[in-house]
Each structure stands twice: as C-alpha cells, then as structure tokens.
Amino acid sequence: MGLIAEYEITCEHLPLVTVAGDVPEATLDVELQPNHGNRPPFIVHATHETPALIERAFESSSFVAEYTLVGQAGETSRYQVLPALGMDAQLGEQIEDLSKLRALATTDSIIEQIRVTPTGWIQSGWFTDRTVLDEFRTFWQRNGEFSLRRLTYDGEAEKAGDGLTDHQREALRIAYEMGYFDIPRTATLDEVATELGITASSVSERLRRAQTYLIETTVASTWPPLPE
C-alpha cells in the first residue's frame, strides 16, 4: 500500500527561500517545470495582500533572473520565475552529492506540492512504500534537516482542513476565537481584520475560500447527486 507524506526540509540554500524570508507572511507554493535543461522555470503561486512586496523580493534574490506575472485571482498572484542559477551553482557547495539529489526525481514517487518557507521547503506527495520515503529522509538528514509532518496510507481519509493555507487557517481561528461565528455575532469583520492586521475584504476572501474548501471536502462529498 502506498504512502502519502508531508515533510519539512530545512535547507536555507534551496531556491526562493530568501524570497520567503523577505516576505515571511506570504504563502509561496511552487511548481517545477521539468525537462527544461539545467535551469527549469518555476511557477510560483504567491498569496499576499501586497504583491509588490513579493516582486521586490524577487528583484533582490540572487536566484531570480527574471519573473513574469502570468495571472492574479484575489490575493494570489501566479508568476513564472526564470532562475539565474542552475542546480550546480545553487546547491553544489551545500549538497553532499548532487547526483543523489537528481536520483530522487527518478524514484517511485510523485511530489504534489512544494511550499517555500524562510528556512526551506515543505513537500507533500505520494510514495510507493516506506523504502522510497526513506530515500528522501536519509538524503535530507545528511544535507540539512528532515521533519515528517504527516503520514497516511493510500486510501485513508485525510484530516479535514489539511488543505487550508496557513493564512486561511489563521483567519478561521481568529474569527472563531473573537466570536465572529457566534449567534449573535460578538465580533465584526472589521474587528477581525484589525486583529489580523489586514483589510476587511482580505479577511472576507480568506474566510470564504476556507469555508468553501471545508464544505467541498467534508459535506459536499457526501451529498447525493442532484436529480437530472
């Protein structure tokens, strides 16, 4: 039976970590574009109420050669980032054996999500068995730190809410603790926004997206189909 794992890699030399460090309140999710030579482009989904701060961090990063804003929806901006450095230049002096890092891409695994943090990457994906997952664990323990955050078997239900972003989870928690969901309400949207330090419209969007996700993954999946 396969495994679904989420783990954190601590390695400050990984791509875009300095960008996350410059804008620590942002959420940065990355898609790699394989088969594009030694400098494959990165697709970055950046969630922040001030995109200019993300772009300023791109411009000051030694890793970023150029970036293009591809699209925007609410607080999330989608960028294509072209690296200034190849893997050898970026990690060659920091990684014990780059050939072993490349070999991880050929294992029986699928990395579904990469989230960039100020200290490294959080990855989640599918692995055929524990031996394959141990290849990732062993490599990153030798070249940084590896911390397993979540592990389930293929076919097991995931805990509700695991797909929420950190900002969405924080907005739900603060709104709940302040009484925004009470009947009657004991806190307004403006008060929740003040507590979070963002605009009321941003809070509203985060709460709507979080509630939509929770409904889709907990309630909607159990509803019978609508009659035709």
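In this report, we go over the structure that sits alongside the text. (Residues numbered from 1 in each chain as written. Predicted model: local features only at pLDDT ≥ 70, side-chain atom pairs only at ≥ 80, totals over all residues. Heavy atoms only, no water.)

**Thoughts on the nonpolar core**
Working step 1: The biggest cluster of nonpolar side chains holds 39 residues, and the ones touching the most others in it are Leu16, Val44, Phe58 and Trp140.
Working step 2: With sequence-adjacent residues up to four places away left out, leucine 16 is seen in contact with Val30, Phe42, Val44, Phe58, Phe63, Val64 and Val116.
Working step 3: In this structure, Leu172, Ile174, Ala193 and Leu196 belong to the second largest nonpolar core, which totals 13 residues. (Core = buried A, V, L, I, M, F, W, Y, C linked by side-chain atoms within 4.5 Å. Buried < 20%, exposed > 50% of the residue type's maximum accessible area, 1.4 Å probe, protein only. Contact = heavy atoms within 4.5 Å.)

**Quick word on the side chain of serine 61**
Working step 1: In this structure, serine 61 sits in the loop between α2 (51-60) and β4 (64-73).
Working step 2: With near-sequence residues (within four places) excluded, serine 61 lies in contact with Thr18 and Val19. (Helix = DSSP H or I, 4+ residues; strand = E, 2+ residues; numbered from the N terminus.)

**Some thoughts on the packing of aromatic side chains**
Working step 1: In this structure the tally under the stated criterion is 10 aromatic pairs.
Working step 2: For the ring pair phenylalanine 42 and phenylalanine 63, a centre distance of 5.3 Å and an interplane angle of 80° mean the geometry is edge-to-face. Highlighted residues: phenylalanine 42 in strand β3 (residues 42-47) and phenylalanine 63 in the loop between α2 and β4, separated in sequence by 21 residues.
Working step 3: Ring geometry for phenylalanine 58 versus tyrosine 79: centroids 5.2 Å apart, planes at 85°, classification edge-to-face. Here phenylalanine 58 is found in helix α2, whereas its partner tyrosine 79 is found in strand β5 (residues 76-83), with 21 residues between them in sequence. (Phe/Tyr/Trp six-rings, centres within 6.5 Å; stacked < 30°, edge-to-face > 60°.)

**A closer look at unusual backbone geometry**
Working step 1: In this model, isoleucine 183 is joined to proline 184 through a cis peptide bond whose omega is -5°.
Working step 2: Within the secondary structure, proline 184 sits in the loop between α6 (166-178) and α7 (189-196).
Working step 3: One non-glycine residue, leucine 16, adopts positive backbone phi at about 70°.
Working step 4: Following the sequence through the fold, leucine 16 ends up in the loop between β1 (3-10) and α1 (17-22).
Working step 5: Given the relative accessible area of 3%, leucine 16 is considered buried.

**Some points on the pairing of β3**
Consecutive side chains along a regular strand alternate between the two faces of the sheet.
Working step 1: Burial runs high along β3: 5 of the 6 residues are buried.
Working step 2: Pairing geometry for strand β2 (residues 27-32) and β3, over 6 bridges, is antiparallel. Counted as the bridge partner of aspartate 29 is histidine 45 from β3.
Working step 3: Pairing analysis gives 6 bridges linking β3 to β5, with the strands arranged antiparallel. The residue of β5 that forms the bridge with valine 44 is tyrosine 79. (Pairing = 2+ DSSP bridges.)

**Quick notes on the sheet that holds strand β6 (residues 109-117)**
Working step 1: As summarised here, the arrangement of the 8 strands in space is β4-β5-β3-β2-β6-β7-β1-β8, forming an open sheet in which the pairing is antiparallel. Each edge of the open sheet is held by one strand with a lone partner, namely β4 and β8 (145-153). For this sheet, the mean inter-axis angle between neighbouring strands, taken without regard to orientation, is 20°.
Working step 2: Of the strand pairs in this sheet, β1 and β8 are connected by 8 bridges, and their pairing is antiparallel. Bridge pairing in β8 places isoleucine 9 opposite phenylalanine 146. (Axes fitted to C-alpha atoms, helices over the stretch in contact; angles between N-to-C directions.)

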